[in-house]
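# What the coordinates show
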Amino acid sequence: MITANTQSFLRVEINGTNETLPAKICLSELLILKNICPNSVAIVVNDAVVPKSRWSHVLCQSHDRISLFSAVAGG
Amino acid sequence: MNTLSARQYMQYSSNILLHDIGEAGQLAIMNSHVVIVGLGGLGQLVAQYLAAAGVKSMTLIDNDVVALSNLPRQLLYVDSDLGELKVNVAKRALAKANSNIKLTVFAHRLTHQHLDVWARRLMTAAVVFDCTDNIETRQLINQICVAHKLTLVSGAISAYQGQVFCIDFNHNQCGCYRCLYPADIHLAQHCAQQGVLGPAVGVVASLQALFGVQHITNTFKAYGKLHRFDAQAFVWQSAQMVRDPDCEVCTATQQHLARENHDDNS
């Protein structure tokens, strides 16, 4: 997921919807862009959870499948 | 117990017929102890499935009483139970389903207070089922399970979003609940505020019970997979859980184990 990215934009899938993002955007910046509180979700990229401490280090890549799992606690 | 009676063969034949469970798997169930924290929509169904499967003993923890709004989704309770402690009603009902089961109940909320006492109550469990309705208790249950290398089956649902996973902390490389959701996580949804449909709760609870039985019978193969269920779109998603190197719970346990190893070697 962390490789040099020379394109201006990249196409990704977010929660099942195709979207275009600016290149070199990390997961923390993605949440800001989408106006999502970072303390409310887990982020899954290509079927693996990305730990919160890595969000500012992991750059989105073309064709990434990104899911935002909202925390639920009801029982 | 190391053999089944003729009656038990008949009673549990549907379990035993599964080639990977067989008699050995049923005996494993019948020698197991499980802990269920929370006896709401999730816990009451997990308890019924595990009792019916034949577990030897079960510890139930919940400080709530049966309320009218519980009845549409908490099928263990009926109108005449209103106002009674859920653990007491559950104990009575489960004993009917399995007369051999040993039931221990605690009508208290699991909190930071006396955490070591709670840990001792959980430590002998083959599986700890987190069926609670709040993030604070979920974090505490996780902390105990990580520290004592227990197996945690965690389920949660609010509105149309359900989540469930199973981690065996004795062989864990995939992090924990705290790695997934830090202590300061904001909840987007809450049952009391968002509502929930009984059958949707049942889906998550059934999966918890299934994971638990499969763990006990050594047939579970999806440790550390987080499953998300959308009960409106009927879509399942799964994701591999990953340890957060900054997780306080995992780090504290690793440091503790390192100290123990050092003491053993010196």
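Residues numbered from 1 in each chain as written. Chains lettered and ligands numbered in written order. Predicted model: local features only at pLDDT ≥ 70, side-chain atom pairs only at ≥ 80, totals over all residues. Heavy atoms only, no water.

If you look chain B up in an unreviewed UniProt entry, it shows as Thiamine biosynthesis protein ThiF from Shewanella inventionis.

In the nomenclature of an unreviewed UniProt entry, chain A corresponds to Sulfur carrier protein ThiS from the organism Shewanella inventionis.

## Here's the deal with empty space enclosed by the protein
Vacant regions in the atomic arrangement are exposed by a probe of water-molecule size rolled over the atoms. Counted only if it meets this: Cavity means a closed set of points on a 1 Å grid over the protein atoms alone, one where a 1.4 Å probe fits but cannot get out, pocket means an open set with protein on both sides within 12 Å along at least 5 of 7 lines, and lining means a residue has an atom within 4 Å of a point. Grid points are joined across faces, edges and corners, and a volume is the space filled by probe spheres set on the points. Helix and strand definitions here come from DSSP, where helices need a minimum of 4 consecutive H or I residues and strands a minimum of 2 consecutive E residues; each element is numbered from the N-terminal end. By the convention adopted, Pro, Cys, Tyr, Trp, Phe, Met, Ile, Leu, Val and Ala count as nonpolar, Lys, Arg, Asp and Glu as charged, and the other residues, Gly among them, as polar.
The full count for this structure, using the stated rule, is two cavities of 30 Å³ or more. Approximately 50 Å³ is the volume attributed to the largest cavity. What lines the largest cavity is Val72 of chain A together with Arg138, Ser154, Gly155, Ala156, Gln163, Val164, Phe165, Tyr177, Leu180, Tyr181 and Leu226 of chain B. Contributing elements (two or more residues each) for the lining of the largest cavity: strand E5 (151-158), strand E6 (161-168) and helix H8 (177-180) of chain B. Classifying every residue of the lining of the largest cavity gives eight nonpolar, three polar and one charged. Taken as a whole, the second largest cavity spans an internal volume of roughly 30 Å³. As for the second largest cavity, its lining consists of Ala42, Ile43, Val49, Val50, Pro51, Lys52 and Trp55 of chain A together with Cys179 and Leu180 of chain B. Every element with two or more residues in the lining of the second largest cavity is listed here: strand E3 (41-45) and strand E4 (48-50) of chain A together with H8 of chain B. Of the residues belonging to the lining of the second largest cavity, the class tally is eight nonpolar, no polar and one charged.

## Some thoughts on the interface of chain B and chain A
Heads up, the rule is: In what follows, a contact means two residues having at least one pair of non-hydrogen atoms within 4.5 Å. Buried area adds together the accessible area that both of two parts lose upon being put together, with accessible area traced by a 1.4 Å probe. We call two N or O atoms a polar contact when they sit within 3.5 Å, provided that within protein one can donate a hydrogen and the other can accept it, with sequence-adjacent residues counted only if both atoms are side-chain atoms.
Between chain B and chain A, the contact holds 38 residues from the first and 22 residues from the second. Of the roughly 2,300 Å² buried where chain B meets chain A, counting both sides, 59% is carbon and sulfur surface. It is Tyr181, His186 and Arg228 of chain B that lose the most area in chain B upon contact with chain A, and together they represent 19% of the buried surface on that side. Across the chain B-chain A interface, the total number found is 15 residue pairs in polar contact (both at pLDDT 80 or more). Put simply, the parts of the chain that give the side of chain B that touches chain A at least two residues each are helix H4 (41-53), helix H7 (135-147), E5, E6, H8, strand E7 (225-230) and strand E8 (235-240) of chain B. Grouping the constituent residues of the side of chain B that touches chain A by class yields 18 nonpolar, 13 polar and seven charged.

## So, the pairing of strand E2 (residues 17-22) of chain A
Put simply, the rule reads: A pair of strands counts as paired when DSSP detects no fewer than two bridges linking them.
In terms of strand pairing, strand E1 (residues 9-14) of chain A meets E2 of chain A through six bridges, oriented antiparallel. Its bridge partner being in E2 of chain A, Leu10 of chain A is matched across the sheet by Leu21 of chain A.

## Some points on the side chain of Ser53 of chain A
On the secondary structure map, Ser53 of chain A appears in the loop between E4 and strand E5 (65-70). Engagement of the side chain of Ser53 of chain A in a polar contact is seen with the side chain of Asp244 of chain B, the distance being 2.5 Å. The residues touching Ser53 of chain A, leaving out its near neighbours within four places in the chain, are Asp244, Pro245 and Asp246 of chain B.

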